[in-house]
Amino acid sequence: MRRTAGAAGATLAMRTVLLEPISFAASARPGPPSDRVRFGIIGVGMQGTGLLRNAISIPGVECVAACDLYDGRQEVAREIVGNPIPTSRRYKELLDNQEIDCIINATPDHWHRQIVIDCCNAGKDVYCEKPMTHTVSEGFEMIEAEQRNKRIVQVGSQRVDSVIYTKAKELFEKGAIGDVCLVEACMGRNDPDGAWEYPIPPDLSPQNLDWETWLGTAPKIPFNPHHYQRWRCWQAYGSGVAGDLFVHLLTGIHYIAGITAPPQRALASGGLYRWKDGRDVPDVHACVYDYPNFQVLMRVTLNTETPEVTRLLGTRGQLEIANNELTFTPQDGLDHGPSFLSNTWPKRLRDEYLAKWREEHPFTHEIGSVEGSHYTVPPGYNETREHLWNFLDAVRKRRPVVEDATFGNNTAIACHMANHSYYKKSIALWDAASKSIKG
Ligand SMILES: NC(=O)c1ccc[n+]([C@@H]2O[C@H](COP(=O)([O-])OP(=O)(O)OC[C@H]3O[C@@H](n4cnc5c(N)ncnc54)[C@H](O)[C@@H]3O)[C@@H](O)[C@H]2O)c1
């Protein structure tokens, strides 16, 4: 039997291509002082410190103020910036500061809505961490504030400004892998940090933390250092595995495939199998999503280390992103030989079928060699810096960004659908008319 090229039997030649980062070359030009982008940062914790370091490493960009409810984090902001910048517990002081062009918001999920809306109303562009929302209705209020105030809002789940994902999108749009009917995406972790059991700052107390404000929209409870530092473990502040991790995978898929709406359906399951520390979210979460043209199978575990993989499976091959590398493996999807089932027929029927098959297939599709491609990035490639650069450049040039509030809202809704299905043990349906999840 001859085999389909690209399937077992064909020779697969792979060429390796090193992708050039987009922004590094451009950002090497500092520009005149009037071109400088001045930002303030709200929330200088795990993600905020990284964003701050990355942002101030971009030429022409300056941090002029920082805000955090915990004084220790204000101290760390001053240490990172190196200049005596003003710091505060009150983010509204940053919004009143006329020197500030834009805000980086790296507070926990339950604070995203209020800070983004306040930034937009104060005329500040805002980079807001993922997932954009904590509840479904918040997203539409944030989009309204973004659009009414003509502000640039960029959500921070990376991927969309990564050269790897941009190359995958280009190949997808060119039809390199034909019609994509299925996407698989997964990641896994296996350590306390990965499961959000972060150490508590040793001096944390109600004296150096404004606990009441930190609680925000969450139920009022006495000072609880575990809730403060491990907030992802509770639905009152975070959005579980879906909001923390699905959102990155979903961002990549929505970007590559040009998805501009939430999925139609989500069926999720999972459980809390290992990290029984009082949390009310699962540590294994799997979800099947239905989109108009394909299905997405997604799973994340906090109990075994596995690479982050996104695999788009099409009628002409597959695109796989793993470990910051993209592999394009083509398939021709052609009918390469008569069906082996004819071997189960009597000779007279088989001969007739074979003759007819050959007549209908005048060209032979021999096992050949197919050429795939393997795309890599330079060592130390930093997609977070690219994503930040894109936002700061958009602020300077007043141009739109890809991961705006509408984009961020769609991926956040997909996360909320996975949680809805998991907790309600039902199929979550997106109802566009009422902008809500049914089921
Ligand atoms: N894009 C990514 O790869 C990535 C990675 C990690 C975290 N995140 C996101 O970043 C956000 C922050 O996560 P984290 O791990 O840094 O949390 P964190 O708890 O380490 O830091 C949050 C900081 O915000 C401060 N804060 C909270 N509410 C505030 C308010 N109203 N005003 C001022 N300061 C306030 C807290 O005191 C804390 O220092 C979350 O939305 C998370 O999902 C994104």
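The numbering scheme is per chain: residues are counted from 1 as the chain's sequence reads. With pLDDT at 70 or above as the cut-off, local features in this predicted model cover only qualifying residues; side-chain atom pairs require 80 or more to be listed or tallied, and sums for whole chains, interfaces and linings still use all residues. Side-chain numbers here rest on the full set of heavy atoms in the structure, without hydrogens or water.

1. Quick look at the nonpolar core
- Side-chain atoms within 4.5 Å link the members of a nonpolar core, which is a set of buried Ala, Val, Leu, Ile, Met, Phe, Trp, Tyr and Cys residues. Categorising residues by exposure relies on relative accessible area from a 1.4 Å probe, with only protein chains included: less than 20% of the type maximum marks a residue as buried, more than 50% marks it as exposed, and the intermediate range marks it as partly exposed. If you look at the biggest cluster of nonpolar residues, it comprises 72 residues, and the most contacted ones within it are Phe246, Tyr289, Phe294, Met298 and Leu319.
- Secondary structure elements are defined from DSSP: runs of H or I of at least 4 residues count as helices, runs of E of at least 2 residues count as strands, and each element is numbered from the N terminus. No other element matches the eleven residues that helix 10 (residues 240-257) contributes to this core.
- Contact between two residues is taken to exist if any of their heavy atoms lie within 4.5 Å; hydrogens are not considered. In this structure Phe294 touches Val180, Cys181, Leu182, Val183, Ile253, Ala257, Ile259 and Tyr289, once residues within four positions along its chain are discounted.
- Counting 27 residues, the second-largest nonpolar core is a separate cluster that includes Ile41, Ala55, Ile80 and Ile152.

2. A look at the site of the ligand
- Every one of the 27 residues lining the ligand counts as a neighbour, but Gln47, Asp68, Lys130, Gly156 and Tyr228 are closest to it.
- One of the side-chain N or O atoms of His112 is found 3.0 Å from an oxygen atom in the ligand.
- The side chain of Glu129 places a nitrogen or oxygen atom 3.0 Å from a nitrogen atom of the ligand.
- Looking at the shell around the ligand, the elements that each hand over two or more residues are helix 2 (46-56), helix 9 (225-229) and helix 10.
- Among the residues forming the shell around the ligand, the class breakdown is eleven nonpolar, nine polar and seven charged. Consider each residue's heavy atoms; a residue with any of them within 4 Å of a molecule or strand counts as near. Nitrogen and oxygen atoms within 3.5 Å of one another constitute a polar contact, given that in protein one can donate a hydrogen and the other can accept it, and given that sequence-neighbouring residues count only through two side-chain atoms. Under the convention adopted here, Pro, Cys and the residues Ala, Val, Leu, Ile, Met, Phe, Trp and Tyr are nonpolar, Asp, Glu, Lys and Arg are charged, and Gly plus all remaining residues are polar.

3. As for the pattern of salt bridges
- For this analysis, a salt bridge means a side-chain nitrogen from Lys or Arg found within 4 Å of a carboxyl oxygen belonging to Asp or Glu. Counted according to the given criterion, the structure contains 26 salt bridges.
- Across the pair Lys397 and Asp393 runs a salt bridge, and its minimum N-O distance is 3.1 Å. Of this pair, Lys397 and Asp393 both sit in helix 12 (residues 383-397), four residues apart, roughly one helical turn.
- Taking relative accessible area as the criterion, Lys397 reaches 52% and is therefore assigned exposed.
- Three or more residues joined by partner-sharing salt bridges are found here, namely Asp393, Arg396, Lys397 and Arg399.

4. A look at the sheet that holds strand 6 (residues 125-129)
- Pairing between strands is defined by DSSP: at least two bridges between the two strands are required. An order of 4-3-2-5-6-7 is seen for the six strands of this open sheet, with the pairing classed as parallel. Edge positions in the open sheet fall to strand 4 (87-88) and strand 7 (153-156), since each of these has one partner strand only.
- In this analysis, axes come from line fits to C-alpha atoms, helices being fitted only over the stretch in contact, and the angle between any two N-to-C directions falls in the range 0 to 180 degrees. Across the sheet, helix 5 (residues 112-121) lies against strand 2 (37-42), strand 5 (102-105), strand 6 and strand 7, angled at about 170° from strand 6, the strand it touches most.

5. Some words on the packing of aromatic side chains
- The pairing test for Phe, Tyr and Trp rings, Trp by its six-membered ring, is centres within 6.5 Å, and the orientation test on the planes gives stacked under 30 degrees, edge-to-face over 60, and tilted for anything in between. Counting across every chain of the model gives twelve aromatic pairs.
- When the centroid spacing of 6.0 Å and the interplanar angle of 80° are considered together, the rings of Tyr91 and Trp111 count as edge-to-face. Residue Tyr91 is found in helix 4 (residues 91-96), and its partner Trp111 is found in the loop between strand 5 and helix 5; the two are separated by 20 residues along the sequence. Neither Tyr91 nor Trp111 differs from the other in exposure class; each is buried.
- For the ring pair Tyr289 and Tyr291, a centre distance of 6.3 Å and an interplane angle of 55° mean the geometry is tilted.
- Across from the ring centre of Tyr255, 5.1 Å away, lies the NZ or CZ of Lys169, which sits over that ring. Distance and angle both matter: a charge sits over a ring if NZ of Lys or CZ of Arg is within 6 Å of the ring centre and within 35 degrees of the ring normal.

6. Observations concerning the pairing of strand 3 (residues 61-67)
- Where burial is concerned, most of strand 3 is hidden: six out of the seven residues are buried.
- Sheet topology places strand 2 next to strand 3; six bridges connect them, and they run parallel. When the bridges of strand 3 are listed, Arg38 appears paired with Glu62.
- Orient the strands so they point away from the viewer, and a crossover whose first-strand-to-second-strand path over the helix runs clockwise is right-handed. Chirality of the crossover, the property in question, places the unit of strand 2, helix 2 and strand 3 among those that are right-handed.
- Relative to strand 4, strand 3 is paired through two bridges, and the arrangement is parallel. Bridge pairing links Cys67 to Ser88 in strand 4.

7. A look at the environment of Asp71
- Tracing the backbone shows Asp71 in helix 3 (residues 71-81).
- A relative accessible area of 29% means that Asp71 is categorised as partly exposed.
- Between the alpha carbons of Asp71 and Asn208 there is a distance of 5.4 Å; along the sequence they are 137 residues apart.
- Residues within four places of Asp71 in sequence aside, it is in contact with Arg89, Gln207 and Asn208.
- Of note is the side chain of Asp71, whose polar atom sits 2.9 Å from the side chain of Arg89.

8. Let's talk about the pairing of strand 7
- The side-chain alternation of strand 7 yields two buried faces, one formed by Val153 and Val155 and the other by Gln154 and Gly156.
- Across four bridges, strand 6 lies against strand 7 in parallel orientation. What sits directly across from Cys128, in strand 7, is Val155.
- Chirality of the crossover, the property in question, places the unit of strand 6, helix 6 (residues 136-148) and strand 7 among those that are right-handed.

9. Considering the side chain of His112
- Its location among the elements puts His112 in helix 5.
- Among the residues examined, His112 registers a relative accessible area of 0% and is labelled buried.
- When neighbours within four sequence positions are excluded, His112 is seen to be in contact with Asn105, Thr107, Cys128, Glu129, Lys130, Pro131, Met132 and Met142.

10. Focus: the state of the cysteines
- In what follows, a disulfide is any cysteine sulfur pair within 2.5 Å. For the coordinates displayed, the defined rule picks out zero disulfides.
- Not engaged in a disulfide, the cysteine Cys120 finds its nearest cysteine sulfur in Cys119; these two sulfurs lie 6.8 Å apart.
- Exposure remark for Cys120: the relative accessible area of 0% places this residue in the buried category.

11. Some words on helix 10
- Helices are assigned an expected span. That span is 1.5 Å times one less than the residue count. When the terminal C-alpha atoms of helix 10 are compared, their 25 Å separation across 18 residues agrees well with the 26 Å that a helix rising 1.5 Å per residue should span.
- The largest bend in helix 10 is about 50°, located at Phe246.
- Across the 18 residues of helix 10, 18 count as buried, placing the element largely inside the fold.
- Phi turns positive one or two residues past the end of helix 10, at Gly258, with a value near 65°. Fitting axes to the seven residues that end at a residue and to the seven that start at it, the angle between those axes gives the bend at that residue.

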